[in-house]
Amino acid sequence: MEYGVVVRWWALYQALLLVGLPFTSRLLPDAPDSGASLAIPTALALLTVPLFWVGHFAFGPLVVAGVAVAVIAVSAWLARDGVDVDARRYAEVVAVFTVAFAFLVAIRAASNGIAPGGGEKFLDFGLLQSLLRADRLPPQDMWYAGERVVYYYGGHLMTAALAMLSGTQGRFAYSPALAGFYAMAVTGAYGLASTIAARTGAPAVLAGGERSLGDDERSQTDGERSQADGGTAQETGVWTGGERAVRPSIALGVTGAVLGVALVAFDVSWWILVTPAAFALAVVTRSRRVRAGALAAFVFGFASNVLTPLRLLAGASTALRGFIAGTGMNDAWSLATTPKTFDMWHASRVIGTGINEFPLFAYLNGDLHGHMMSVAVLFVVVGISLAYYRTPAERRWRRRGLLFVASPVAAGLILTVNTWSFPTALGVPALAVALADAPPRTLLPARVASRLERDRGPLREIQRILLAVVAAVVVGALALVAVWPFVVSVLLVGASSQHPAVLPAPSHLESFLVIHGVFLVAFAAYLVSRVARDWRDWLAAGLAVVGFAGIAASFDLVVAGVRLDFVGVAVGGPLLVGAWLLRRRDRIGFEGVLVVAGTGLVVLVEYVYLSDAASFERYNTVFKVYAQVWALWSVAAGVALAAFASRVWRAGERQSAVREHSRSWTPDGAQLRETAGTALVAVLVVSTSIYGGLALGNHFGSMDEATIDGMEYAHDTRPHQAEAIEWLNDKPGQPHIVSAPGLSTYSWVNPASSLTGIPTVAGWQHAANYHSEEGYQTRVSDVRVIYKTADPSSRAALLRKHDVAYIWVGPIERNRWDVAEMVDEPGIEPAFRNAEVTVYAVNRTALVETPNADEAE
């Protein structure tokens, strides 16, 4: 195990935290941690965005170091008078990051390196290696020699920059980079949820009950609520904007009961559930701020959907087998499972028309892919939107700076890391504008804003939405400017192969509930709890839920041969509308913005998708959008679930005093509500941990030796080819090679280019999606001629055409063709040879001259 590399990367991340803190402390000065939980991705953003501009002309370790020095200098200037951050909160952030980082490093150490199957590690590692070799941006495409990458490579650029700053080879940089992105996301979820919860109090209460506040009043209430972070008030039971911890006896009893049922029902080994059970106990017995952060970190970093516990129970329940069958899952997969037959892939393939990955599956699988690397930056966008949301209306210039300076930089970076997330990076700030207490019109000059003032509620709400849309358009335009070199060299080049489409095959209600059920239950219960006065309100809400589910299950409308989907509207619609209205009435806080954002995305992909060459119908759209939804909802879920596992104490009054002025729970009812809320949290935590326990058990149970060496798989399975790849990897720059095209992707094809970053003439078929199918097929034909022809002149012409420096001849090439003997041809000589691989070096000036050489060029 390369412990030195791991420690070096951890130290680098801590340095980034220090560099980013002066920026985030100005972004979220009233956050408990002064924004420290977002400092690392913020520092990375400030490093990476300039690299797109400078790297367009020159790129390499010296360029990265120069930009890093400039960012450090700006950070030092901002910190010239010190940074106001609580030492305990800072240590809290470091601890969360370290635990998450160590957790994923352990997972990667138990993996088998860069393997081609089950994902796109060859693509991701090839991009990283290509960047480490590049002398300018974009780097050459390792699967399309001579052309630049037409792919969102921003996350890989971050990884390459970190590898250069830490002096790490790509083979050892892959795993700590992936662990870092995971840890940044977990820490961001923790920090955002705890920050939101620390400022979320009970609704304002009058003698006649609750009231909603207008725009002018509401802008002050969040700031006037006291801390919910523990301390004397919690110890004495007096509410000061927070809530007292749940009784340990209740938490222990509920969690123990749930654990016992799970052990008996699922026949799961006790050690698999001990960790989530202990986690459930810990998160419900701390202050609400810590509880919210821990639950958010858990939901993002470890939780899964509920398919696994359902499949474990399906063996004993015909009804459950029928329910799972109704999800549209692949019929070839068994509906029931046991801990011994468990497979980690099932839970990510619930929906038949898309991939419903969740973070633990994705990071356990181990791709260094855009939808995983962009989460940390997306949380920076959320943090900026939270800062805007909290800024009073009178601080017009701060709100403008957050919206039109900070947001475009973060959104632009997201465009380069995972282009699929760009609309969300615009939508979250737009929703913050629409749902913040400060009216959007106050962003405009005072004279214009006064003319737009509206007294009537509906007109004011419509105006809010329209101005929020305008703001999103402006942010989007500025984001494109922020990363313009990427836009012109990648985005505009690859946009022609994609177009929007509508009305895909709809989701089954069962799959919708299996994938999103945990969030739907948590959010629905949370929203109802903000308005319900007694059991009658809860009963009405329950009947409404059953009614909407019935509509989604039974209403089937076909128009012009197209089946219209009511699952999204019937299930997600009420949640979206309810969260919007309660946010506008000040019954919920910024968590409502995230609920609306995630629900809007879920509903949207039921009707609109992006048709692209890499997948059929909405397959890729569901894949990439659901990953964003899980990230946004994990923060909101942390806040919502933390509110359930709590006992509310109103400002300076016992609950008995409050009950004199409003319809509330009886003492027994209050106790029942507290127990029920704690039970809900415990059930959700333990049930969504089953997948993680089984998956990690299988993962660590099959490990060989602990290492983060990306070349482990190659050396273990194909040692002779690995030896040749190592030899080729020592060659500087990006000389072109020729190897057999990867016509069957997700398998051991084009290993030389994928594991070194040295471009091959025609690599994996992915290249056809991003360049052109016709061009790719022409290259495939050229490669076939290079290997098969007996005419040295034809081979020489094609080698010159593609500027080939090395010819790779391995088992794949020999199995596919009867490879011609080239050893006696001028300009071609063996440079490396072992039992399986021969690598020929090509001297293009010494090749056979041909009459048509100029035409071939």
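Residues numbered from 1 in each chain as written. Predicted model: local features only at pLDDT ≥ 70, side-chain atom pairs only at ≥ 80, totals over all residues. Heavy atoms only, no water.

### Some words on the overall build of the protein
Piece 1. The helix and strand inventory of the protein stands at 37 helices and twelve strands.
Piece 2. The proportion of buried residues among the 857 residues of the protein is 60%.
Piece 3. Across the protein, every contact between residues at least 6 apart in sequence was considered, and the portion connecting residues at least 24 apart equals 77%. (Helix = DSSP H or I, 4+ residues; strand = E, 2+ residues; numbered from the N terminus. Buried < 20%, exposed > 50% of the residue type's maximum accessible area, 1.4 Å probe, protein only. Contact = heavy atoms within 4.5 Å.)

### Concerning the confidence of the model for the protein
Piece 1. Summing up the model confidence of the protein, the mean pLDDT is 84 and the portion of residues at 70 or higher is 82%.
Piece 2. The model gives residues 201-246 a pLDDT under 50, and that stretch makes 111 contacts with residues more than four places away or in other chains.
Piece 3. Low pLDDT (under 50) marks residues 853-857, which in the prediction has five contacts with non-local residues, meaning those over four places away or in another chain. (pLDDT = per-residue confidence, 0-100.)

### Side note on the nonpolar core
Piece 1. Core analysis: the largest hydrophobic core is formed by 252 residues, its most contacted members being Phe379 and Ile807.
Piece 2. Take this core: its biggest share by element is 18 residues, from helix α7 (residues 170-198).
Piece 3. Contact partners of Phe379, with chain neighbours within four places excluded, come to Leu38, Ala185, Gly188, Ala189, Leu192, Ala631, Ser634 and Val635. (Core = buried A, V, L, I, M, F, W, Y, C linked by side-chain atoms within 4.5 Å.)

### What to know about the pattern of salt bridges
Piece 1. Counted according to the given criterion, the structure contains 14 salt bridges.
Piece 2. With a closest N to O distance of 2.9 Å, Arg171 and Glu726 form a salt bridge. Here Arg171 is found in helix α7, whereas its partner Glu726 is found in helix α31 (residues 719-729), with 555 residues between them in sequence.
Piece 3. A cluster of three or more residues bridged by salt bridges with shared partners is formed by Arg89, Glu92 and Arg289. (Salt bridge = Lys/Arg side-chain N within 4 Å of Asp/Glu carboxyl O.)

### Concerning helix α24 (residues 567-584)
Piece 1. The end-to-end C-alpha separation of α24 is 26 Å, in line with the 26 Å expected for 18 residues at 1.5 Å each.
Piece 2. The largest bend in α24 amounts to roughly 40 degrees and is located at Gly573, with the proline Pro574 lying one to four residues further along.
Piece 3. Looking at α24, one finds that the buried residues are Val567, Gly568, Ala570, Val571, Gly572, Gly573, Leu575, Ala579, Trp580, Leu582, Arg583 and Arg584.
Piece 4. Looking one or two places after α24, you find Asp586, whose phi comes out positive at around 65 degrees. (Expected span 1.5 Å × (residues − 1). Bend = angle between axes of the 7 residues up to and from the residue.)

### Some thoughts on the side chain of Thr308
Piece 1. Mapped onto the elements of the fold, Thr308 is located in helix α13 (residues 307-314).
Piece 2. Judged by its relative accessible area of 4%, Thr308 falls in the buried class.
Piece 3. Beyond its immediate sequence surroundings of up to four residues, Thr308 is in contact with Phe342, Ala347, Ile690, Tyr691 and Leu694.

### Examining the environment of Val99
Piece 1. Along the chain, Val99 falls in helix α4 (residues 87-109).
Piece 2. Along the sequence, Val99 and Val186 sit 87 residues apart, while their C-alpha atoms lie 9.8 Å from each other.

### Points about the pairing of strand β10 (residues 804-809)
For a regular strand, the rule is simple: side chains alternate between the two faces of the sheet.
Piece 1. Within β10, six of the six residues are buried, which leaves it mostly tucked inside the rest of the structure.
Piece 2. In the sheet, strand β9 (residues 736-738) pairs with β10 via three bridges, with the strands oriented parallel. In the strand pairing of β10, Val738 is matched with Ile807.
Piece 3. Looking at chain direction, β10 and strand β12 (residues 838-842) are connected through four bridges and run antiparallel. Along β12, the bridge assignment pairs Val809 with Thr838. (Pairing = 2+ DSSP bridges.)

### Digging into the packing of helix α1 (residues 3-27) against helix α2 (residues 39-54)
Piece 1. It is at 7 Å that the axes of α1 and α2 come closest, and there the two elements cross at 85 degrees. Comparing their axes, α2 and α1 come out roughly perpendicular. In this structure, α1 contributes Tyr13, Leu16, Leu17, Val19, Gly20, Leu21, Phe23 and Thr24 to the contact, and α2 contributes Ala39, Ile40, Thr42, Ala43, Leu44 and Leu46.
Piece 2. Among the residues forming the contact of α1 with α2, the class breakdown is eleven nonpolar, three polar and no charged. (Axes fitted to C-alpha atoms, helices over the stretch in contact; angles between N-to-C directions. Parallel < 35°, antiparallel > 145°, perpendicular 65-115°, else oblique. Nonpolar A, V, L, I, M, F, W, Y, C, P; charged D, E, K, R; others polar.)

### Concerning helix α34 (residues 773-788)
Piece 1. Helix length check: α34 (16 residues) gives 23 Å between terminal C-alpha atoms against 22 Å at 1.5 Å per residue, within 8%.
Piece 2. Tyr776, Arg779, Val780, Asp782, Val783, Ile786 and Tyr787 are the residues of α34 that are buried. Viewed end-on, α34 has its buried residues packed into an arc of 165 degrees, placing them on one side of the element.
Piece 3. Of the surrounding elements, those touching the buried residues of α34 are β9, α33 (766-770), α35 (792-801), β10 and α36 (811-816). (Arc of directions from axis to C-beta.)

### A closer look at the sheet that holds strand β11 (residues 828-833)
Piece 1. With mixed pairing, the four strands of this open sheet are ordered in space as β9-β10-β12-β11. Of all the strands in the sheet, the pair left with one neighbour each is β9 and β11. The average angle at which neighbouring strand axes cross in this sheet is 30 degrees, direction not considered.
Piece 2. This element, α31, spans β9, β10, β11 and β12 of the sheet and lies at about 170 degrees to β10.

### Re empty space enclosed by the protein
Piece 1. Counted according to the given criterion, the structure contains ten cavities of 30 Å³ or more.
Piece 2. Here the largest cavity defines a volume of roughly 80 Å³.
Piece 3. In this structure, the largest cavity is lined by Phe300, Glu357, Phe358, Pro359, Ala362, Tyr363, His371, Met372, Val375 and Ala627.
Piece 4. Those elements giving two or more residues to the lining of the largest cavity turn out to be α15 (359-365) and α16 (370-390).
Piece 5. When its residues are assigned to classes, the lining of the largest cavity shows eight nonpolar, one polar and one charged. (1 Å grid on protein atoms, 1.4 Å probe; cavity = no way out; pocket = protein on both sides within 12 Å on 5 of 7 lines; lining within 4 Å. Points joined across faces, edges and corners; volume = space filled by probe spheres on them.)

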